[in-house]
Every structure is written in C-alpha cells, then in structure tokens.
Amino acid sequence: HLTVDTFRYATQNTQVNIINMKLAIASLLVGSAAAFAPAATPMRNSALNMSTETTTEKAFAKLPASVKPGVVTGDALVDLLDAAKDQGYAIPGVNIVGTNSINACMEAAAKYGGPIMVTFSKGGGQFIAGKSLANDADEASIAGSVAGAKHVHEVAKLYGVPVVLHTDHCQKAWLPWIDGLVAASETHFEQTGTPLFSSHMLDLSEESLEENIGICKDYLERFAKMGILLEFELGVTGGEEDGVDNTDVDSSRLYTQPEEVFYAYEQLSQVEGGAFTCAASFGNVHGVYAPGNVDLQPLILYNSQKYIQEKIGSEDDKPMKFVFHGGSGSSVEDIQYAIGAGVIKMNIDTDTQWAFWDGVRAYEAKYHDYLQGQIGNPEADDKPNKKYYDPRMSLRAGEESMAARLIKAAEDLKCVNVLN
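Scope of this entry: the structure provided in the associated data block. Please read these numbers as outputs of a predicted model, since none were measured by experiment.

### Here's the deal with the state of the cysteines
Considering all chains together, one arrives at 0 disulfides under this definition. Cys170 takes part in no disulfide bond, and the closest cysteine sulfur to it belongs to Cys216, at a distance of 9.8 Å. Its relative accessible area of 0% is what places Cys170 among the buried residues. Between Cys216, a cysteine without a disulfide, and Cys278, which holds the nearest cysteine sulfur, the sulfur-to-sulfur distance is 9.7 Å. According to the relative accessible area criterion, Cys216 is buried, its value standing at 0%.

Rendered as structure tokens:
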C-alpha cells in the first residue's frame, strides 16, 4: 500500500515528466518551423535597388519586370523611359490642379492602356493647399504638392497603370519649392525605401549654360541617392504658363544647339547613378496659337542625337532622352517626328484645361433649367434639384471630358496599348 506522501511524490514526478515532454515537443516544432521559415530580408540601402521591387514576375507583358502598377521611381522609371524610347512612343505629361484632374489622368491611362505622368506645378501645388493660404516661403506650394503626391501614392495602384510623379518648370528663384519637395522625398525614402516624387524639372534656362548645368548637377547628386530623375531645360520654351512668361523672348533662344546638349549630357553623366532627360527647345511654345505662328524644328533633336553619338562613340543612335514642352496644339506629324528623335514625354496643359472646362460647360448647358434654384425645374415647381447641383456632378463631367482628351493625346503619342 502507498502512503499519502509516496502518492504525492509519484504524482508530482509524473507531472514534471509530462511538462518536460511538452517542452521537448514544443522545441522540436519551433526548430522545424525555423528550418522552413524564409530568411530575413536585409534592408536595401541603395536608391537604385530600394526604388523598385526586384522580382522577375512581369506585371505588364510589354514592359520590363521592374515596372509595376502605381508610382514608378528609380530603376523602374529608367526602364519605363527606355522602353518608350525603344518602342517609339511618348508618355503624356499632364499638369494637374487637384484630385479631379489627377484622377482624370489615371482614368485615361487605364483606358488607353499606357503609362501617365502626373505633373505638379508650383501654382498647382498652391491651389491644392488652398489659395487663401500664405505662400511667401512657398509653404503652400510645398504642402499642396506633397499632399497631392500622397494622394497619388494611395490610389495609383488601383488604376493598374504605371504613374510617374513629376514637377514642372522650376526657375532659379523657385528652388526653395523644390528643396521642400526633396526634403519630403528624403523623409519618404527613409520610411519606405522610395522617394515621394519620381522626377523634378529644373528650368534654369535663363542662366548661363555653365550655371544652369552646374546647379542641375548639384541637385542630381542629391536626387541620385534616392532614385529621383532630373529633367532640365536648354533654351527657352516660348509663350506663357503658370507664372512663367516668355512671350517676348528673342526667337533665337527658342532653338537649342547640339553642342549645348552634349555639354549637358557630358556633365550630368558624371553623376554616379544619375538619370536625366532634356527639354531642348526646338521652337516649341506654351499655349495654343493660330496655324503658322509656331515654327517647330524637331530636326534639332535628330542633329543633337547624332552629335552626342559621334562624340561618345555610342552604338545607341538616341543616347539622350528628350521631352517635348509646349505640346498643346502641335500637329500630329510634328509630334511623331519628334518621337522618332528620342522624345519620351510630351507636356500637355492648355488642351486639358480646356477639355475639363468644356465638360463642365456642357453639363451646365444640358441641365441649365435644373440649375437655376434649389427647388423647381421643368418637371415641377416643387421638385428639388439637389442631384443636379451637387458639385460632384459637374466636376465628374469635367473629369470625363479631360480623360477623353487625354486618350486622343495618347493616340497621337503612340502610347496606346503599350502595357499588354
């Protein structure tokens, strides 16, 4: 017979054995799980790697695997622009002033089956923040541009297309605006491994060639660390747009020389990891003018490519990526001839501004009798008109009209069905 103490000892010993067995099994399971768990991925520390997912799975049949739906930066952006140059199309670069025009851009891109470049101007950024705000130190322009960029980051993937986040003309006096945006990108880069913006344009064409490219080179050093592309301007784009007025400029400055393009190419190529595009002037003018008032000379771009190719001994007959400013109102023939010279993006603003307004105008004309008061319309004196004067209705009409105009622009730029 067991005594009470003996029984207690046997029971406790059995419990200890059971606990030890459970611990052994748990240890075995953890070890097995660890054996099959994926190794921890080290944090990438270079802009070229961090700014794009390194995966071989292609999102788009006609584009490199690095290019995914959503905001495109770094290597993926360079790959996208190389594809445009090699395949012979240009991406619409559209100035925006709020989420309505931003969304219209991405809606159009989803419909025409190609990439889109959403472009913030200094004035556009200020408008997004609110025109009532002080902007003495560009604080509204910076805050509005950053807010708009964050909106694009949040929704771009939903449209299923590559989106380039770009900023437009920045002259020397406006560099504090760009400094604020670059600081925002540096913060975004630290948090996510990608910059907030894909690219920035510096328009220092009013300065000497040496100062222009010298400042651009300094900024490119900073950009390259995050995978931000630089767009620079040589010569002057005529006309007036968003606070930049070149309507009275000497016509000789509307045409860039091949030697100037090569100087810029040579200097900027010295920046390790730097990527850049050139807005060379060949008679292009902001705005829409009567036929015969604009003398485009895209041959300048061909001559510049040939000059650079010979200087560097390249097999690539289009070593420079060009962009086309002042594209609104240009003939399809001139546009496509310029694409053949290595133009990979064309700016559009005037035509899309009109298209948005025209959509709103047409909406008002169609429902005019329903928009004269909150109550009462042709159907009945006591019938409410809320569903007609709801701002979303007229704004949506503007979005649809703008998107339709961009689809036509994409056709002119041969940027239709270039994804799949």
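We are not done yet, so read on.
### Things to note about unusual backbone geometry
Notably, Asp138 is not glycine yet its phi reads approximately 65 degrees, a positive angle. We note that Lys414 has phi near 60 degrees; this positive angle belongs to a residue other than glycine. Mapped onto the secondary structure, Lys414 falls in the segment after helix H14 (391-412).

### A word on the packing of helix H9 (residues 258-268) against helix H10 (residues 299-312)
Viewed as axis vectors pointing N to C, H9 and H10 meet at an angle of 50 degrees, and their least axial separation amounts to 9 Å. In terms of orientation, H9 and H10 fall into the oblique class. For the crossing formed where H9 meets H10, the hand is right-handed. Facing Pro258, Glu259, Val261, Phe262 and Tyr265 of H9, the residues of H10 in contact are Asn303, Ser304, Tyr307, Ile308, Lys311 and Ile312. Residue composition of the contact of H9 with H10, grouped by class: 7 nonpolar, 2 polar and 2 charged.

Here is what the cut-offs are and how they apply
- Residues numbered from 1 in each chain as written.
- Predicted model: local features only at pLDDT ≥ 70, side-chain atom pairs only at ≥ 80, totals over all residues.
- Heavy atoms only, no water.
- Disulfide = S-S within 2.5 Å.
- Buried < 20%, exposed > 50% of the residue type's maximum accessible area, 1.4 Å probe, protein only.
- Helix = DSSP H or I, 4+ residues; strand = E, 2+ residues; numbered from the N terminus.
- Axes fitted to C-alpha atoms, helices over the stretch in contact; angles between N-to-C directions.
- Parallel < 35°, antiparallel > 145°, perpendicular 65-115°, else oblique.
- Left-handed = near helix turned anticlockwise from the far one by under 90°.
- Contact = heavy atoms within 4.5 Å.
- Nonpolar A, V, L, I, M, F, W, Y, C, P; charged D, E, K, R; others polar.

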